[in-house]
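# Coordinates in review
Here's the letter readout for the chains.
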Amino acid sequence: MSTPRRPAGGSGDRRPPRPARPRGEEPRPRAPRPRTPDPRRAAEARRAAEPRRTADPRRPAARRPQRPAARPQQRAIRLADPRRRLRLVTGSLALVFAVFAGRLVQLQLLDSDALAAAAGANKYVQAVLPAERGSITAADGTVLATSVDAYDVTADPTMLTPEAAHLPDAPEQAAALLAPILGQPKEKLAAALHLNPKNPKSQYALLAPRQTPEVKGQIADLRSTLTKQADSAACRGQKAMLGKPAEQGGRQFLDGTCANPLAGIFWDESTRRSYPAGGLAANLVGFVNSEGVGTGGLELQYQQQLAGVAGKSTYASAGGRRVATAGGSRQDPVPGTDLRLTIDPDIQWAAQRAITDQVSNAGAEKGYVIVQDVRTGQVLAMATSPGFNPNQLSSARPEQLGNAALQDAYEPGSTAKLMTMAAVLDTGKATWDTHVTVPNTLQRSDRVFHDDVDHETWYLTLAGVLAKSSNIGTIEAAETLGNTQAESNQVLGGYLQKFGIGQPTGLGFPGETRGILAKPESWSGSQQFTIPFGQGLSVNALQATSVFSTIANGGVRVAPGLLAGTTGPDGKYTPAPAGAQTRVVTEATAKTLTEMLESVVTDEQGTGTKAQIPGYRVAGKTGTANRVDPKTGKYSGYTASFIGFAPADQPRVTVSCVIQDPVNGHFGGQLCGPVFKQVMEFALKSLRVQPSGSEAPNLPVEWKP
């Protein structure tokens, strides 16, 4: 048998030895270590351990004595386990992310095609923001061309399909309503309102650009009326039946009174070109086309500067309408540059009135007047008749839209004799009082030359040749320029080029002609004798005017100018550079020529007496030339002209007048002399030019043999 163990407690009281466990018997479980007893649990355990007694029916049941209630024990406060909360939050987030991931998979993979198709009804559209076009003003700030508020009438063709509008012919109905308002054929509008087969998803069609606020108001009122009519109680029943089966009274289309064919018509803010001065300087200013692009005159020449730089806007569109809350981007446009011209509006008005009246009185095809400042070369007026009103382009004929003063090339006739006399005097070949014998006819080459009137032999001074405008006397003077005819041609041709003949004026005006001047070595047998008196070469009116301004300016040619300056988008004004200066003849030659030109106006035998202005000395020259018909290329009719400057003693202004193909008369002194006088008088008063302080020299025009 095994020896009993000694208790671990030491040498105190000894416990009795445990009985030996029979071999093969399982060991008893070891008693747990005693804990502090809970009174309530101990009592409950005792009651459960007591054997239940069977009640004796013969003895009354003894009453169990009441025990005092146990005192409640305070429960210890224990903190919750944070790991449980973390697990709960982590699980919730994982669930949310799983839902999002599932939705993304659905949108990106499963429903991507359907969503892409639905995006066609709600997408971003990029629109061009047109820049405000620069204005054109006269020298004093009078507005000649500007931009005003307007509206581009547009449409969304996708809203006018039978399915969208519930009308079988919505484009045709809309076109019929818009045609009288927009002034366009309804067939053209209907074609624009139908879907474009090449781009069936396009939601934009431009019907009429740059319409007035009145036009926009008419369309808005009409669309509002149709909308109210379509929303009436009588129409709600029809709309409720849309899309239902036929056996249930369903409808596919609406009655005309319950549908609004203008629901797909819109308008965008824009600008429209306006010309507040009407036809004043219209042939010079020009015009724009229906797209607002310069098409004629200065509007075309300065198109890039006037147009500015367009901006752009990106916005969300749904059903043809802008979604303001969907965001977008915007790049603002840069306004165009403003132009200030050298034109004086008062002088321009006087010139237009004078030439318009005379063209009508003479039954002429057309005419033009130019007024130029002799010191600066600036053009103060450039008037053409017939003119046009750029606000009413549809009523103008094509031949009225140009600027004939710069675009017509015509033979100047006797006004060109000034350049021949300048060459003769400047080279010292003759003086103003050189005697010239002028026969009635003159044989040269294969031609016989005459003056405008039959006469006996004239005995004229060189001043008299110019005053009486003798072709024969001019030919004789030109022949003195060289020892041979070829040499004379070279000398005269050189002076013509220095005066600017056959060369651009420098304005750069669209369609401007540089004239026609062959090289001297190429002059034909007749040209070498007709060019000295102004036939066989061609000029534009500004070139001819500049010749006289050169003499008035002491022999110095100043390049003509039309632009006074520009104002950029930043508001800064930049003056235009001054015109280039070139000396053509000496100052002494210019002074002599001025006195010779005065004889044309003051002498009773002169051809320009109708150009006299009381109080002012006037120097000028008449011109009457055979006119080349531009249609046939043959001579037909006449070109009448007069060019002069005043005051002759202190020149300030040059005025030229040209009338093409007159019927009632054809001499330049008779037709253009009065026009010159009317315009020059007005210009001198407008510019407050002092009257002349001396008398004209009245150079003798004849000599006695």
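The sections below set out a description of the structure shown in this document. (Residues numbered from 1 in each chain as written. Predicted model: local features only at pLDDT ≥ 70, side-chain atom pairs only at ≥ 80, totals over all residues. Heavy atoms only, no water.)

## Section: the environment of Asn471
Looking at where Asn471 falls in the secondary structure, it is placed in helix 16 (residues 471–478). For Asn471, a relative accessible area of 9% corresponds to the buried category. For Asn471 and Asp452, which are 19 residues apart along the polypeptide, the C-alpha to C-alpha distance reads 8.0 Å. In this structure, Asn471 is in contact with Ser414, Lys417, His450, Asp451, Asp452 and Phe533, ignoring residues within four places of it in sequence. (Helix = DSSP H or I, 4+ residues; strand = E, 2+ residues; numbered from the N terminus. Buried < 20%, exposed > 50% of the residue type's maximum accessible area, 1.4 Å probe, protein only. Contact = heavy atoms within 4.5 Å.)

## As for unusual backbone geometry
Here the amide bond leading from Ser385 into Pro386 is cis, since omega sits at 0°, within 30 degrees of zero. Looking at the secondary structure, you find Pro386 in the loop between strand 12 (379–385) and helix 13 (404–407). The omega torsion of the bond from Ala646 to Pro647 falls at -15°, within 30 degrees of zero and hence cis. Looking at the secondary structure, you find Pro647 in the loop between strand 22 (635–646) and strand 23 (653–660). For Ser469, which is not glycine, the phi torsion reads 55° and is therefore positive. Along the polypeptide, Ser469 turns up in the loop between helix 15 (462–467) and helix 16. Taking relative accessible area as the criterion, Ser469 reaches 7% and is therefore assigned buried. The phi angle at Asn698 is positive, at roughly 50°, despite the residue not being glycine. Among the secondary structure elements, Asn698 is positioned in the segment after helix 21 (668–686).

## Points about the pattern of salt bridges
This structure, assessed with the given rule, holds 11 salt bridges. Linking Asp332 and Arg330 is a salt bridge whose minimum nitrogen-to-oxygen distance equals 2.7 Å. Here Arg330 falls in the exposed class, since its relative accessible area comes to 59%. A salt bridge links Asp373 to Arg375, with the shortest nitrogen-to-oxygen separation between them at 3.9 Å. (Salt bridge = Lys/Arg side-chain N within 4 Å of Asp/Glu carboxyl O.)

## What to know about the side chain of Thr461
Topologically, Thr461 is positioned in strand 16 (residues 458–461). Of the polar contacts made by the side chain of Thr461, one reaches the backbone oxygen of Pro700; its length is 2.8 Å. With residues near it in sequence (within four places) discarded, Thr461 still touches Trp432, Asp433, Thr434, Pro700, Val701, Glu702 and Trp703. (Polar contact = N/O pair within 3.5 Å; in protein donor to acceptor, adjacent residues only side chain to side chain.)

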